[in-house]
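Geometric and topological summary
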Protein chains: 2
Amino acid sequence: MPSPSPIDDPLITTFGRLLEASAKLERRLGASLHEETGLPHVWFEVLVRLARSEEGRLTMGALADDIALTTGGITRLIDRIREAGYVERHPCPTDRRVTHAVITDTGRGILDRAAVVHARNLREAFSGFDDATLSTLDTLLDRLRDAAAPPD
Amino acid sequence: MPSPSPIDDPLITTFGRLLEASAKLERRLGASLHEETGLPHVWFEVLVRLARSEEGRLTMGALADDIALTTGGITRLIDRIREAGYVERHPCPTDRRVTHAVITDTGRGILDRAAVVHARNLREAFSGFDDATLSTLDTLLDRLRDAAAPPD
DNA sequence: GTTGAATATCTGACACGTCAACTAACGAGG
DNA sequence: CCTCGTTAGTTGACGTGTCAGATATTCAAC
């Protein structure tokens, strides 16, 4: 007499596990990063993506999609990061609807320092994972991200 | 002359991927669930955990830990779910500091209906994953959750 | 017993993101 | 070229979670 209930579907459990794992990791590692560098983890994610992009710039829309925020959310997030002096807004010369967020030198400076700290914390948290496991994880996460894309 | 920059550490990328994948999946699947059943995804997660627990009850603290919210956040979340009639608060008879959140019959009803919908959506989203892959994923997620636990 | 540290929950003030409505600009057809 | 449908970004109103501090209770040590 095991439970025939729909709430025991294994996929529901797996999905719950995914959210729990990522929420807890972000809370813990995000807190460390913030304490040790003053940089909130979301800011870090924004700055990394800008720094890795051509000319350190990305459109608001592209950034919103990367970080999984709405465009309204990105507008406000960039407002705050800009007030801190880590990014600037540059109107796009060829399409006047679009605005680029561009990382500043100050932004690159704090980002580099934070990356060292963050990488160290990550290495500690993932100390039980060998290279092969990490590579498997990467593959799975890529497939999960794609699974979230609209079904068109 | 590849980039020797600390921001290119592969662990930073992996971690970013994890957050991106889970944020996008939650957004998409959470939206479907809410549209089709009226139940916000967080409510679903709360109700599942209660339904699976002994006597359909859990302390506020245990629930906060499961869902990865602060205790203040759980207080307010349970307030709202209670107003909808899906849970009740029961003071613990043996320790008067603790309160149990208890799922109601109404709560079990809507949960069962939502679980069917959610499981169907998950099956579609995870259609490219075979059983072995899912089991690998489960294992990895468990290890990730544990990696987030305090280092004591 | 009584004291004091620890634990469980709640609350006010506030930060952050969403949603929907709005402005502005692009671009394909007629 | 204009008009209309689409796309990019911003904004006001609001929902939800956090943080720090308050409250109540337990428990171990004296």
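Labelled according to an unreviewed UniProt entry, chain A appears under the name DNA-binding MarR family transcriptional regulator, originating from Streptomyces clavifer.

Moving on to the UniProt feature "domain: HTH marR-type" (unreviewed entry) in chain A. Within this numbering scheme, the UniProt entry marks residues 8-146 of chain A as carrying the feature "domain: HTH marR-type" (unreviewed entry). With 71% helix and 9% strand, the stretch residues 8-146 of chain A has end C-alpha atoms that lie 25 Å from each other.

Between the two copies of the chain lies a rotation about an axis combined with a shift along it. Here chain A sits on chain B after a turn of 180° about the axis and a move of 0.0 Å along it, with an RMSD of 0.0 Å. Given the turn and translation reported, the copies of this chain are related as if by a two-fold rotation axis. If distances are taken from each C-alpha of chain A to the rotation axis, the shortest is found for A:Ser22, at 3.5 Å. The share of interface residues of chain A whose copies in chain B are also at the interface is 100%, consistent with both copies meeting through the same surface.

According to the stated counting rule, one finds 30 salt bridges over all chains in the structure shown. The partner of A:Asp95 in a salt bridge is A:Arg97, with the nearest N and O atoms 2.9 Å apart. Because the salt bridges share partners, they merge into one network encompassing A:Arg17, A:Glu20, A:Lys24, B:Glu45, B:Arg49, B:Asp65, B:Asp66, B:Asp138, B:Asp142, B:Arg145 and B:Asp146.

Taken residue by residue, the interface counts 64 residues in chain A and 64 residues in chain B. Interface area, chain A with chain B, both sides summed: about 6,100 Å², of which 69% is carbon and sulfur. Looking at the side of chain A facing chain B, the largest losses of area belong to A:Ile7, A:Leu11 and A:Phe15, adding up to 11% of the total buried there. Where chain A meets chain B, there are 14 salt bridges. For A:Arg49, the salt bridge identified is with B:Glu20, shortest N-O distance 3.5 Å.

Trans peptide bonds make up most of the peptide bonds, and negative phi angles are found at most residues other than glycine. Residue and element names in this part refer to chain A. Residues other than glycine seldom take positive phi values, yet Glu 55 does so here, at roughly 60°. Note on placement: Glu 55 falls in the loop between helix 2 (41-52) and strand 1 (57-59). Phi is positive for Ala 68, close to 65°, though the residue is something other than glycine. Residue placement: Ala 68 occurs in the loop between helix 3 (60-67) and helix 4 (71-83).

Turning our attention to the sheet that holds strand 2 (residues 87-91) of chain A. Residue and element names in this part refer to chain A. One open sheet accounts for three strands, arranged 1-3-2; its pairing is antiparallel. This sheet does not close on itself; its edge strands, each paired only once, are strand 1 and strand 2. Neighbour-to-neighbour, the strand axes of this sheet turn through a mean angle of 30°, independent of strand direction. Relative to strand 3 (residues 99-103), strand 1 runs antiparallel, the two being bridged by three bridges. Residue pairing for strand 3: Arg 57 is matched across the bridge by Val 102. Here helix 2 sits on the sheet and contacts strand 1, strand 2 and strand 3; the angle it forms with strand 3, its principal contact strand, is near 95°.

Attention now goes to the pairing of strand 3 of chain A. Residues and elements named next belong to chain A. Of all five residues making up strand 3, four are buried, and the element is well covered by its neighbours. As paired elements, strand 2 and strand 3 share five bridges and run antiparallel to each other. Paired with Arg 89 across the two strands is Ala 101, which belongs to strand 3.

With 18 residues, helix 6 (residues 131-148) of chain B extends 26 Å from end C-alpha to end C-alpha; this agrees with the ideal 26 Å at 1.5 Å per step. Residues of helix 6 of chain B that are buried include every one of B:Thr133, B:Leu134, B:Leu137, B:Asp138, B:Leu140, B:Leu141, B:Leu144, B:Ala147 and B:Ala148, and no others. Structurally, helix 6 of chain B contributes buried residues whose contacts are with helix 1 (10-37), helix 5 (105-125) and helix 6 (131-148) of chain A together with helix 1 (10-37) of chain B.

Thresholds applied
Residues numbered from 1 in each chain as written. Chains lettered and ligands numbered in written order. Predicted model: local features only at pLDDT ≥ 70, side-chain atom pairs only at ≥ 80, totals over all residues. Heavy atoms only, no water. UniProt positions renumbered as here; feature names shortened; annotations may be inferred. Helix = DSSP H or I, 4+ residues; strand = E, 2+ residues; numbered from the N terminus. Least-squares fit on C-alpha atoms with pLDDT ≥ 70 in both. Contact = heavy atoms within 4.5 Å. Salt bridge = Lys/Arg side-chain N within 4 Å of Asp/Glu carboxyl O. Buried area = accessible area lost by both parts, 1.4 Å probe. Pairing = 2+ DSSP bridges. Axes fitted to C-alpha atoms, helices over the stretch in contact; angles between N-to-C directions. Buried < 20%, exposed > 50% of the residue type's maximum accessible area, 1.4 Å probe, protein only. Expected span 1.5 Å × (residues − 1).

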